[in-house]
Every structure is written in C-alpha cells, then in structure tokens.
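# Reading the structure
Listed below are the residues making up each chain.
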Amino acid sequence: MREKFLNFIKQSVRIITIGIVIGFSVALFQFLMVQLTHFLMDVFVYHVLWKIIAFLIAMPIIIFYSYLLTNNNPNIRGGGIPQLENNLKHHQERLQWMKDFPMMFISSLCSFCAYGALGGEGPSVVLGGNSALMINSLFHEKDDESVWIGLGAGFGCAFQSPIAGLAYYIECLIPKFNFKGIVKATIIILLSYFVIHLIFPHMSVELNITSFLGFDLWYFIPLIVITNFIFGTLFIYLIIFIKNYLKNHPTSFYNKYKVIIFYVVTIILAFFLGKYMGAGSSFLGILPSEQVWYILLSLIFFRLILTVHGSTSSVSGGVVIPQLAIGGVIGMFIMMVSHELFHVSLFYAQEVILLSMCSFYVVVMKSPLTGLSLLFAFLPLEVAIKLLPFGVIIMILSYFISYLNKEKALYPILERYL
C-alpha cells in the first residue's frame, strides 16, 4: 500500500513537472520568436538602416549554422512533427531529446530570420514532446503516452489555447483512447498553458470580429469550402511533386543546397515584399486593407508557393500558421468577390477570413475538431461561440470534401518521405 502511494506521488510529480517544463520551454521559444519578428519587420518592412547592416553581418553565420544543424540531424528538418511521430511509432532508438531539443530550438530561430513562410507552432510541438522525453528520462520512466500528450501541449501553448491543445491531442495524436490518458492530457495541457500564459501571454493571430454572418448569407459556406478545397489540394500536390523530385534526384544541385537556396531566395523576396512575408501573423493583420480581387488572387498563389518552398526546404519551422495565412487570403478574396457581385458588407471580412483560415487547415490536415478549436484560440470565448453555427458546418464539409483528393493528411504524407 505504501509503495503504491509513493509511486502515485512520484508519477504525479512527474506529470506536473512535464506540464511546467513544456510551458516554460515554449514560452521562451515564443518570446524569442516574437522579438525576432519585431526586429525583422524593422529590417524588411520599415528598412531601419542600422538593423539592416546588423542583419547582413549576422546572416552568413546564421545560414552556416542552420545548414550544419539540419544536415546533421534529420529529426529537426521541417516542422519535425512527422519525424517525432514516426520515431515514437517505429524507431524508439532515434528519440534523443538531449540532441533534438537544443538543435530544434536554435535551428528554428535561425530559419525564422529569413522571414519566410515558416511558423513557430511546429517547433513548439516538437519542444513539447522532447520536454516530456527529458522529464521521463530524469525520472527513469518510459511513458510514450506522456510524449504524445507533450506534443498536444506544445500545440496548445503555441496558440495559447488549452482547448486547441486537447483537440489536437485527441484528434491527431492519441495512440489509444482511455479515460486515464485524457485526464493526464488535461492536467499537462492546462498546466503548460497556465505557465506560458503567466510568463508570456500573447496571441499568435489577433482578429477583431464585430459583425456576424446570418444564414441569409448561406452561400458563403460553399464558397469558403470549395475555394479552400481547390487551393488546399493544389498545396498538397505541390508538396508531393517537390518531395518526389527530391527523392528521385538526391544528388541534384537544388537538393544539395536547398537550405542555402531557401535563405537566399526568401531574404531577397523579403527586402522587396516585406509586408507580405513572414509566418503569417503580421501578414493577416493587413489583409482587410487589400481590397482588389486580382491582387488578392495573386497573393494566394504567392503565399502558397512561398509556403511550399519553406516546408520542403528542410529548414526548421512550422507549417500551420503559414497554412492559416493562405486560408486568410482566400477568405479576403471571397469577401471581395462577394462584395463586388452581391454587395455584401465588408464588415464581415474578419469573420470570413477566420472561417476560411480554419477551412484551409481542415482540408490540408483533415482535422475538423482541431480546426474548429482554433476559433477559440483566436477569439474571446463569447465571440467564438457566436461563430460556432457557421464554423461547425464549414469544418465538417471541409473535412468530407478533402477526401475527394484521395490523399492523406499532410503529416502522414510527409512521413512517407522520411
């Protein structure tokens, strides 16, 4: 009886420690990422001279270390999520938190300096999983379930939303559903959220929705779903095309130097098109001011190609926020077309942008529950609840229509090329 009680105390302390460490780790990473964003905006958008000079001096060193880290550790390439999931399922010997944690942390900050279409949510998820691996090793415990939960907690911390973290874990990660696992997940995810919210409260995407679509504007539902299906399918097929090329041409110039090419191309674009670059958070803020349909259509293709380029270049970085940015442009495009053809008020623009963001995510990731939970990540609770009727319908339809492209979700696709 005494041994059982002591083991319960030990496991409780371990679970609590995992939640606290994940919250602290992701908070530090997100804080540095936001500071970098402010600096890079001064470089690429506002063209502050001394910061441009400092950036150009530092960039060769950053590129060198990014190239070195990603070449020496396949676990940190891209968002790192497919690798960690694949290793949990099949290659336990490749789980090395002592190497993966610091290398993902540093490499992601390096690649973020290019100001391309790479987000911080992928690395945050990987940091969450590796934090759980670290604490398990210190407690001499082998508990894969807590590592899966750590991934969900990292996702929740990235968006500062425990609802999103729990939805992501249940829908995308849970190895085997059981009540004890859900309780453990709830504790870790809530703890990690409270820690990051205490240390570094911020919103990855800020939207101000004051007008809500009524069902007299029902035609926005098929417009959002079908348009996002078209571009989401194009996004998936482009990634598959490039991944097949890289697999079939391992010695090609592009394959050898794709990391360096990513930096050179992205930085040049950033100097000329700074306000349209970045992961997507600041870019989404300017969308309502873009009110010419053909410019918005051009931006859809630009952001789509930019995101595909970033996600296939092997540099460390997430793909979810860049995906949401593509969906956001699609939403604004739909809004402008509806405004021109049907004279719909532009007051609905923010809502359409958000619903379209989540729809694109669901088409690509095939995760309707997580897509719906993002409403609560980006909005106050009372506002998110008002969006639920349209949100539920759009997420369900986006999920079912996504199977018309006969491809799996993005991460299982990427696992095929590991």
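The model shown is predicted, which means the values in this text are computed figures rather than measured ones.

For helix 14 (residues 320–342), spanning 23 residues, the distance from its first C-alpha to its last is 32 Å, which sits close to the expected 33 Å at 1.5 Å a residue. Counting buried residues in helix 14 gives 18 out of 23 residues, a clear majority hidden from the surface. Positive phi shows up at His343, right after helix 14, with a value of about 60 degrees.

A few words on unusual backbone geometry. The phi angle at His343 is positive, at roughly 60 degrees, despite the residue not being glycine. Along the chain, His343 falls in the loop between helix 14 and helix 15 (349–365). A relative accessible area of 67% places His343 in the exposed class. Of note, the phi angle at Lys406 is positive, near 60 degrees, even though the residue is not glycine. Mapped onto the fold, Lys406 is located in the loop between helix 17 (381–402) and helix 18 (410–415).

Before going further, it helps to examine the side chain of Ser367. Looking at the secondary structure, you find Ser367 in the loop between helix 15 and helix 16 (368–378). According to the relative accessible area criterion, Ser367 is buried, its value standing at 3%. Apart from residues no more than four positions distant in its own chain, Ser367 is found in contact with Glu171, Cys172, Tyr361 and Val362.

Put simply, the largest pocket is a space of about 590 Å³. Together, 31 residues line the largest pocket, and Arg77, Gln83, Lys243, Tyr417 and Leu418 are the ones closest to its centre. Here the lining of the largest pocket takes four residues from helix 3 (residues 81–90), the largest share from any one element. Class assignment for the residues of the lining of the largest pocket results in eleven nonpolar, 14 polar and six charged. If you add up the space inside the second largest pocket, you get close to 440 Å³. If you trace the second largest pocket, you find 25 residues lining it, with Thr37, Met203, Ser204, Ser281 and Ser282 closest to the centre. Among the elements of the structure, helix 1 (2–44) and helix 12 (281–286) are those that each provide at least two residues to the lining of the second largest pocket. Looking at the lining of the second largest pocket, the element that brings in the most residues is helix 1, giving six residues.

The interhelical angle for the contact between helix 14 and helix 15, taken along N-to-C directions, is 130 degrees, at an axis separation of 7 Å. When the axes of helix 14 and helix 15 are compared, the pair comes out oblique. Taken as a pair, helix 14 and helix 15 cross one another with a handedness that is right-handed. Residues Val320, Gln323, Leu324, Ile326, Gly327, Gly328, Ile330, Gly331, Met332 and Met335 of helix 14 touch helix 15, and the partners they reach there are Ala349, Val352, Ile353, Ser356, Met357, Cys358, Phe360, Tyr361, Val364 and Met365.

Looking now at the pattern of salt bridges. Taken as a whole and judged by the stated rule, the model has nine salt bridges. One salt bridge connects Asp143 with Arg14, and the closest N-O pair in it is separated by 3.0 Å. One end of the pair, Asp143, is in the loop between helix 5 (121–138) and helix 6 (144–158); the other, Arg14, is in helix 1, with 129 residues separating them in the sequence. Of the two residues, Asp143 and Arg14, both sit in the buried class.

The next point concerns a nonpolar patch on the surface. Together, Phe253, Tyr257, Ile260, Val264, Ile268, Phe272 and Leu273 make up an exposed nonpolar region whose accessible area comes to about 690 Å². For Ile268, the position within the fold is in helix 11 (residues 258–272).

This part takes up the side chain of Ser402. Looking at the element boundaries, Ser402 is found in helix 17. Owing to a relative accessible area of 0%, Ser402 belongs among the buried residues under this scheme.

Applying the stated criterion across every chain, the model contains 23 aromatic pairs. When the ring of Phe29 is compared with that of Phe105, the centres are 5.5 Å apart and the planes differ by 70 degrees; the resulting orientation is edge-to-face. Taken together, the residues span a long stretch of sequence, with Phe29 in helix 1 and Phe105 in helix 4 (residues 97–112) at a distance of 76 residues. Side by side, Phe29 and Phe105 carry an identical accessibility label, which is buried. Arranged with centres 5.1 Å apart and planes meeting at 80 degrees, the rings of Phe44 and Phe55 form a pair that is edge-to-face. Of this pair, Phe44 sits in helix 1 while Phe55 sits in helix 2 (residues 49–72), and the two are eleven residues apart along the sequence. The class for Phe55 is buried, based on a relative accessible area of 4%. Put simply, the rings of Phe44, Phe55, Tyr115 and Phe271 touch in pairs and so form one group of aromatic residues.

Next up on the list: the packing of helix 1 against helix 4. Where helix 1 contacts helix 4, the axes come no closer than 10 Å and their chain directions differ by 15 degrees. One way to sum up the angle between helix 1 and helix 4 is to call them roughly parallel. Relative to helix 4, the crossing made by helix 1 is right-handed. Between helix 1 and helix 4, the residues in contact are Ser25, Leu28, Phe29, Leu32, Met33, Leu36, Thr37 and Leu40 and Phe101, Phe105, Ser108, Leu109 and Phe112, respectively. Class assignment of the residues belonging to the contact of helix 1 with helix 4 gives a composition of ten nonpolar, three polar and no charged.

Reading guide: rules and limits
- Residues numbered from 1 in each chain as written.
- Predicted model: local features only at pLDDT ≥ 70, side-chain atom pairs only at ≥ 80, totals over all residues.
- Heavy atoms only, no water.
- Helix = DSSP H or I, 4+ residues; strand = E, 2+ residues; numbered from the N terminus.
- Expected span 1.5 Å × (residues − 1).
- Buried < 20%, exposed > 50% of the residue type's maximum accessible area, 1.4 Å probe, protein only.
- Contact = heavy atoms within 4.5 Å.
- 1 Å grid on protein atoms, 1.4 Å probe; cavity = no way out; pocket = protein on both sides within 12 Å on 5 of 7 lines; lining within 4 Å.
- Points joined across faces, edges and corners; volume = space filled by probe spheres on them.
- Nonpolar A, V, L, I, M, F, W, Y, C, P; charged D, E, K, R; others polar.
- Axes fitted to C-alpha atoms, helices over the stretch in contact; angles between N-to-C directions.
- Parallel < 35°, antiparallel > 145°, perpendicular 65-115°, else oblique.
- Left-handed = near helix turned anticlockwise from the far one by under 90°.
- Salt bridge = Lys/Arg side-chain N within 4 Å of Asp/Glu carboxyl O.
- Patch = residues over 30% accessible without salt bridge, like charges linked within 9 Å, V, L, I, M, F, W, Y side chains within 5 Å.
- Areas by Shrake-Rupley, 256 points an atom, 1.4 Å probe, with all protein chains shown as cover.
- Phe/Tyr/Trp six-rings, centres within 6.5 Å; stacked < 30°, edge-to-face > 60°.

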